Protein chains: 2
Amino acid sequence: MKHALNQKPDYEKELRKAGVRITRPRRIILDILTSTEDHPDAMKIFHRAIEIDDSISLSTVYRTMNLLEEMGAIHRHAFNGGPSRFEQAHGEHHDHLIDVDTGDVIEFQSDKIEKLQEEIARALGYDIIHHRLELYGRKSKRPE
Amino acid sequence: MKHALNQKPDYEKELRKAGVRITRPRRIILDILTSTEDHPDAMKIFHRAIEIDDSISLSTVYRTMNLLEEMGAIHRHAFNGGPSRFEQAHGEHHDHLIDVDTGDVIEFQSDKIEKLQEEIARALGYDIIHHRLELYGRKSKRPE
DNA sequence: AATGCAAATGCGAATGATTTGCAAAAAGAA
DNA sequence: TTCTTTTTGCAAATCATTCGCATTTGCATT
């Protein structure tokens, strides 16, 4: 099992290649996304954005998130049924451990679990398209 | 890995014990919940309910779902970020495989995966409160 | 640098899921 | 049956998200 860490891919090139325009709002939103370690929701992204340019609208944040999601540049999560939270789709697939007290998200990856999931789906006669594994936990008192 | 199947616990007793009143709407909603194999959302439960008594309101369905969830009698899921879907909290814990084409939900349970999750959480310094594992898949062409 | 046009934006109104306030109705104890 | 408290139905409010549309902007082309 391993931790995942962020890196900064060049999304502007990808956007151009996809035939969409590089606008000021998009540049700012991408900047926020690539320079954060957390998993912000649309409102949080919006607030960070208007600090840089207060003319950006919430609709544009939502539209940009949808665009980036379709391009596969970000992933969308709905932890606990709350509002969508986003993260850039960097590197390998990973799952999430959510701290129920703070809302913090820790990323992890386990090949063993992935393998088991495949086996289970196969046994039930299905091919996995995607999956979601979320552990909701609390910092343990005892030392590890 | 095993399938889970439903049974009918007696919720009226539990409700009484929790000090809440047994009303006609509640009886009807509980009946719907205990006699279905699927994972209906509030609107679906509402429609099934008004077929039995057309005076039942949607608010009451929502209020009852919240009540039952707090009592631990049902579980709430937000597959794919859609509206909440419910199921009675019968027997053992289980996870879900969602058919992306039909929306059907298949329940399964794997001790191996549960164990791995515990290990991972422990390694990260957390105790698991609850977790969510959803496989989104499509019926495979090849025979099993 | 000026032009033209499709794509993107900001705004506010619309939508869908869910919750809430409140007066009227029903449950259960006395 | 009566009394007290809980629950209900209804409509309005809330929250996250999307949509319509007039206006602005990116950018390919003069």
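Residues numbered from 1 in each chain as written. Chains lettered and ligands numbered in written order. Predicted model: local features only at pLDDT ≥ 70, side-chain atom pairs only at ≥ 80, totals over all residues. Heavy atoms only, no water.

**Topic: the interface of chain B and chain A**
As a reminder of what qualifies: Should any heavy atoms of two residues lie within 4.5 Å, those residues are considered in contact. The term buried area means the drop in 1.4 Å probe accessible area that two parts suffer when joined, counted for both and summed. When a carboxyl oxygen of Asp or Glu is within 4 Å of a side-chain nitrogen of Lys or Arg, the pair counts as a salt bridge.
Taken together, the contact pairs 38 residues of chain B with 38 residues of chain A. In this assembly, chain B packs against chain A so that about 3600 Å² is buried in total across both faces, 66% of it on carbon and sulfur atoms. Sorting the residues of chain B by area buried against chain A places B:Leu124, B:Tyr126 and B:Arg132 first, and these three jointly supply 21% of that buried surface. Joining chain B to chain A, the criterion identifies two salt bridges.

**Some thoughts on the packing of helix α2 (residues 24-34) of chain A against helix α4 (residues 58-71) of chain A**
Residues and elements named next belong to chain A. Convention followed: Axis geometry follows a simple rule: fit a line to the C-alpha atoms, using only the stretch in contact for helices, then measure angles between N-to-C directions, giving values from 0 to 180 degrees. A run of H or I in DSSP counts as a helix once it spans at least four residues, and a run of E counts as a strand once it spans at least two, with each numbered from the N terminus. Angle categories are assigned with fixed cut-offs, so that under 35 degrees is roughly parallel, over 145 is roughly antiparallel, 65 to 115 is roughly perpendicular, and the rest are oblique. Crossings are classed by handedness, with left-handed meaning an anticlockwise turn of the near helix from the far one by less than a right angle and right-handed meaning a clockwise turn. Gly is put with the polar residues, along with every residue not named as nonpolar or charged; the nonpolar set is Ala, Val, Leu, Ile, Met, Phe, Trp, Tyr, Cys and Pro, and the charged set is Asp, Glu, Lys and Arg.
Orientation of α2 relative to α4, taken along the N-to-C sense of each, is 70°, at an axis distance of 10 Å. If you check the angle between α2 and α4, you find them roughly perpendicular. The interaxial crossing formed by α2 with α4 has right-handed handedness. Counting all contacts with α2, which are made through Pro 25, Arg 26, Ile 29, Leu 30 and Leu 33, the residues of α4 involved are Thr 60, Val 61, Thr 64, Met 65, Leu 67 and Leu 68. A breakdown of the residues in the contact of α2 with α4 according to their chemical character gives eight nonpolar, two polar and one charged.

**So, the relation of the copies chain B and chain A**
Here is the rule we go by: The superposition of copies rests on a least-squares fit of C-alpha positions from residues with pLDDT of 70 or more in both.
Least-squares fitting of chain B to chain A yields an RMSD of 0.2 Å, with the superposition described by an axial translation of 0.0 Å and a rotation of 179°. Seen this way, the second copy is the image of the first under a two-fold rotation axis. Looking at the rotation axis and the C-alpha trace of chain B, the residue lying nearest is B:Leu133, at 2.2 Å. In this assembly, 100% of the residues forming the interface of chain B have copies in chain A that are likewise at the interface, indicating an isologous arrangement.

**As for the pattern of salt bridges**
To keep things clear, this is the line we draw: Buried residues are those whose accessible area, probed at 1.4 Å on protein chains only, stays under 20% of the maximum for their type, while exposed residues exceed 50% and partly exposed ones sit between those limits.
Scanning the entire structure with this criterion turns up 14 salt bridges over all chains. Among the ionic pairs, A:Arg76 bridges to A:Glu69, the shortest N-O distance being 3.0 Å. Owing to a relative accessible area of 32%, A:Arg76 belongs among the partly exposed residues under this scheme. In this structure, B:Arg138 engages B:Asp101 in a salt bridge whose closest nitrogen and oxygen atoms are separated by 2.9 Å. Here B:Arg138 is found in strand β5 (residues 126-139), whereas its partner B:Asp101 is found in the loop between β3 (95-99) and β4 (105-108), with 37 residues between them in sequence. On the basis of relative accessible area, B:Asp101 is assigned to the partly exposed category, the value being 49%.

**Here we look at the UniProt feature "binding site: Fe cation" (unreviewed entry) in chain A**
Residues and elements named next belong to chain A. The condition is simple: UniProt positions are given in the numbering used here, feature names are shortened, and annotations may be inferred rather than shown by experiment. Polar contacts, as used here, are pairs of N or O atoms within 3.5 Å; protein pairs need one atom able to donate a hydrogen and one able to accept it. Residues neighboring in sequence count only if both atoms are side-chain atoms.
As recorded in UniProt, the sites labelled "binding site: Fe cation" (unreviewed entry) are His 93, Asp 95, Glu 114 and His 131. Despite a sequence span of 39 residues, these residues sit close together in the fold, their greatest C-alpha distance being 10.3 Å. Structurally, the position occupied by Asp 95 is in strand β4 (residues 95-99). Using a relative accessible area of 3% as the deciding quantity, one classes Asp 95 as buried. In this view, Asp 95 contacts Ile 106, Glu 107, Phe 108, Glu 114, His 131 and Leu 133; residues no more than four positions away in its chain are not counted. A distance of 3.2 Å separates polar atoms of two side chains, one belonging to Asp 95 and the other to His 93.

**Digging into the protein's contact with DNA strand D**
To keep it simple, the criterion reads: Note on definitions. A residue lies near a molecule or strand when any single heavy atom of the residue is within 4 Å of it.
Residues in close proximity to DNA strand D total 21 residues, the closest being A:Tyr62, B:Arg21, B:Ser55, B:Thr60 and B:Arg63. When atoms of DNA strand D within 4 Å of the protein are split into backbone and base, the sugar-phosphate part holds 66%. A distance of 2.6 Å is found between a phosphate oxygen of DNA strand D and a side-chain nitrogen or oxygen belonging to A:Tyr62. With respect to DNA strand D, the backbone of B:Ser55 contributes an N or O atom lying 2.8 Å from a phosphate oxygen. Residue assignment for the surface near DNA strand D shows that the elements contributing at least two residues are α4 of chain A together with α2 (24-34) and α4 (58-71) of chain B. The biggest single contributor to the surface near DNA strand D is α4(A), with five residues.

**Here we look at unusual backbone geometry**
Working note: non-glycine residues mostly have negative phi, and peptide bonds are mostly trans. All names here are of chain A. Of note, Asn 80 is a non-glycine position whose phi angle comes to about 60°, a positive value. Turning to its location among the elements, Asn 80 is positioned in the loop between β2 (74-77) and β3 (85-88). With relative accessibility at 54%, the residue Asn 80 sits in the exposed group.

**Remarks on the protein's contact with DNA strand C**
Not every one of the 20 residues close to DNA strand C is listed here, only the nearest: A:Ser55, A:Thr60, A:Arg63, B:Arg21 and B:Tyr62. Considering DNA strand C, the proportion of its atoms within 4 Å of the protein that are sugar or phosphate atoms stands at 63%. Within the backbone of B:Ser84, one N or O atom sits 2.9 Å away from a phosphate oxygen of DNA strand C. Only α2 and α4 of chain A together with α4 of chain B provide two or more residues apiece to the surface near DNA strand C.

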